[in-house]
Amino acid sequence: MAEERRGSWFGFGFCGFGQALGSGRGRQVHSPEPLRTPGEGADVCRVSASWSYTAFVTRGGRLELSGSAGGAAGGCRDAWASEALLVVLRAGRGSGPELQVWEPGSALSGEPLWVHTLAPEAEGEDAPGEEPQARALPLLPGARAYVSPRPPFYSPLAPGLRARRLELGTEHALLLDEAGQVFSWGQGRHGQLGHGTLEAELEPRLLEALQGVPMAEVAAGGWHSVCVSETGDIYIWGWNESGQLALPSRSLAEDGQTAAREASGLKEDGSDVRRTGGGEDGGPAPFIAVQPFPALLDLPLGTDAVKASCGSRHTAVVTRSGELYTWGWGKYGQLGHTDVSSLDRPRRVEYFVDAQLQVRAVSCGPWNTYVYAVEKDS
């Protein structure tokens, strides 16, 4: 098997606390820039961004914090950043790995707020050759429990529910099981649970609308959700205040940010998708504030998706051919289109096309975006 080409991380969006987005403190980065990590020559394999700081984990197990929180630690396997707490999966001092909860401002010194030792047998349960990003925090090794930034920090999953991926939004959770089914729970007042109501769910509930369609990816934003099927289709639902569902948004239309594009349709380079559908009288489609059921979203030129990530109010998708599409709230440049416009339709990030780079992974913070890309084959 050919050796995987090593690539580079890029960042764009909000960096007002000095996050390592490639630029200095107090600036907004409107287009992708090579990541400048705190450690020299760091080979970053995992990025987790909160609002004011970012956690980077290297392949050598070093954890670096950048932004309002600083500090470093060794022996780390994964990290998950939130404003309230930093959760770290680390080599333990005993028989198994440790789950540690830290205050972000602690600089990872002293003692963690809470420690839980995981059973050693959980380590060998992942299938050989599994992708490095699979089963990342907040899902724990063994796939039978997860960690939350609020007590109780350690939460077991229901017996028989074997998770492949878990994502936490601001008020809701999405779980992808081994069979490709999707479960959601938490608050639902913005339709982010996908069950067709605005009611809360205390326990994981199967998304009946997606039954029979095996999913490969899930992503939870602030108050919206995304799934990518095994065949590359995108399903999206929840709050659309800033166009993060790629559905017509009243706030964007009223700001005049999309009016000039309504008649342009699909560009030759595939950077915009034509508005699909319309009212029964042939007029424009009605504005969508909340979409409580999963809606199928088509990318330009029939492109298949393979990965997705959500910020607070923006969405990013990686295609099978290695292109990146973003849409939603763009006030801080987190869409990567060289400006601060918001979009209620997918648009390709041209930087990676122009630089002959293939995008392999994307990780959105609330107001910024991190991307891993490799050089295209010659």
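Residues numbered from 1 in each chain as written. Predicted model: local features only at pLDDT ≥ 70, side-chain atom pairs only at ≥ 80, totals over all residues. Heavy atoms only, no water.

As annotated in an unreviewed UniProt entry, the protein chain carries the name RCC1 domain-containing protein 1 and is attributed to Crocuta crocuta. UniProt, in the comment section headed Subunit (unreviewed entry), describes the protein chain in these words: "Found in a complex with KDM8. Interacts (via N-terminus) with KDM8 (via N-terminus)." (UniProt positions renumbered as here; feature names shortened; annotations may be inferred.)

Draft legend 1. Focus on the overall build of the protein chain. On a plain count of helices and strands, the protein chain comes out with two helices and 26 strands. For the protein chain, the proportion of its 378 residues judged to be buried stands at 53%. (Helix = DSSP H or I, 4+ residues; strand = E, 2+ residues; numbered from the N terminus. Buried < 20%, exposed > 50% of the residue type's maximum accessible area, 1.4 Å probe, protein only.)

Draft legend 2. Geometry of the pattern of salt bridges. Applying the stated criterion to the full structure yields 11 salt bridges. A salt bridge links arginine 165 to glutamate 167; the nearest nitrogen and oxygen atoms lie 3.3 Å apart. By sharing partners, the salt bridges in this structure join Glu323, Arg348 and Glu350 into a single network. (Salt bridge = Lys/Arg side-chain N within 4 Å of Asp/Glu carboxyl O.)

Draft legend 3. Structural detail: the environment of valine 101. Here valine 101 lies in strand 9 (residues 98-102). Contacts of valine 101, omitting those with residues within four sequence positions, involve Leu85, Leu86, Val87, Pro112, Leu113, Trp114 and Phe153. (Contact = heavy atoms within 4.5 Å.)

Draft legend 4. Quick peek at the pairing of strand 25 (residues 357-364). Taken across its eight residues, strand 25 has seven buried, putting it largely inside the fold. As paired strands, strand 25 and strand 26 (residues 368-375) are joined by seven bridges and run antiparallel to one another. The partner of cysteine 364 across the bridge, within strand 26, is threonine 369. (Pairing = 2+ DSSP bridges.)

Draft legend 5. Spotlight on the packing of aromatic side chains. In this structure the tally under the stated criterion is 17 aromatic pairs. With 5.4 Å between their ring centres and 50 degrees between their planes, tryptophan 9 and tyrosine 372 make a pair best called tilted. Taken together, the residues tryptophan 9 in strand 1 (residues 8-15) and tyrosine 372 in strand 26 connect sequence positions 363 residues apart. Here tryptophan 9 and tyrosine 372 have matching classes, each one buried. Note on phenylalanine 14 and phenylalanine 17: the rings are 6.0 Å apart at their centroids and 70 degrees apart in plane angle, and the pair reads as edge-to-face. Members of the aromatic cluster, connected to one another through ring pairs, are Phe14, Phe17, Trp51, Trp329, Tyr332 and Trp367. (Phe/Tyr/Trp six-rings, centres within 6.5 Å; stacked < 30°, edge-to-face > 60°.)

Draft legend 6. Spotlight on the nonpolar core. Among the nonpolar cores identified, the biggest contains 27 residues, and Leu324, Phe352 and Tyr370 are the most heavily contacted of them. For this core, the elements supplying multiple residues, two or more each, are strand 1, strand 3 (44-49), strand 22 (314-319), strand 25 and strand 26. Ranked by size, the runner-up nonpolar core spans 18 residues in total, among them Val228, Leu297, Leu299 and Ala308. (Core = buried A, V, L, I, M, F, W, Y, C linked by side-chain atoms within 4.5 Å.)

Draft legend 7. Representation of the sheet that holds strand 8 (residues 86-90) in the model. One open sheet holds the four strands; their spatial order is 7-8-9-10, and the pairing between them is antiparallel. Only two strands of the sheet have a single partner each, and these edge strands are strand 7 (76-81) and strand 10 (114-117). Ignoring strand direction, the axes of neighbouring strands in this sheet form an average angle of 15 degrees. Bridging between strand 7 and strand 8 involves five bridges; their strand directions are antiparallel. Paired with aspartate 78 across the strands is leucine 89, a residue of strand 8. (Axes fitted to C-alpha atoms, helices over the stretch in contact; angles between N-to-C directions.)

Draft legend 8. Here's a closer look at the side chain of glutamate 323. Along the polypeptide, glutamate 323 turns up in the loop between strand 22 and strand 23 (324-328). Given a relative accessible area of 19%, glutamate 323 falls into the buried group. Among the polar contacts made by the side chain of glutamate 323, one reaches the side chain of arginine 348 at a distance of 3.0 Å. Those residues in contact with glutamate 323 that sit more than four places away from it in its chain are Val317, Val318, Arg348 and Val353. (Polar contact = N/O pair within 3.5 Å; in protein donor to acceptor, adjacent residues only side chain to side chain.)

Draft legend 9. Structural detail: the sheet that holds strand 20 (residues 290-297). Taken in spatial order, the four strands line up as 17-18-19-20 in an open sheet, and their pairing is antiparallel. If you trace the sheet from one side to the other, it starts and ends with strand 17 (215-220) and strand 20, each paired once. Each neighbouring strand pair of the sheet contributes to a mean axis angle of 15 degrees, computed without reference to strand direction.

Draft legend 10. View of unusual backbone geometry. The omega angle of the peptide bond from leucine 137 to proline 138 is 15 degrees, so this bond is cis rather than trans. Residue placement: proline 138 occurs in the loop between strand 10 and strand 11 (145-147). The backbone of alanine 107 sits at a positive phi, close to 60 degrees, despite the residue not being glycine. Mapping alanine 107 onto the fold places it in the loop between strand 9 and strand 10. A relative accessible area of 36% places alanine 107 in the partly exposed class.

Draft legend 11. Seen up close, the pairing of strand 17. Of all six residues that make up strand 17, five are buried, and the element is covered over most of its length. Examined bridge by bridge, strand 17 and strand 18 (residues 224-229) share five bridges and lie antiparallel to one another. The residue bridging valine 218 from the neighbouring strand is cysteine 227, located in strand 18. Taken together, strand 17 and the strand that follows it, strand 18, pair antiparallel across an intervening segment of three residues.

Draft legend 12. Region of the structure containing the environment of threonine 338. By the secondary structure assignment, threonine 338 is in the loop between strand 23 and strand 24 (343-348). Using a relative accessible area of 58% as the deciding quantity, one classes threonine 338 as exposed. In this structure the C-alpha to C-alpha distance between threonine 338 and histidine 30, which are 308 residues apart in sequence, comes to 4.5 Å. Not counting residues within four places of it along the chain, the set of residues in contact with threonine 338 comprises His30 and Ser31.

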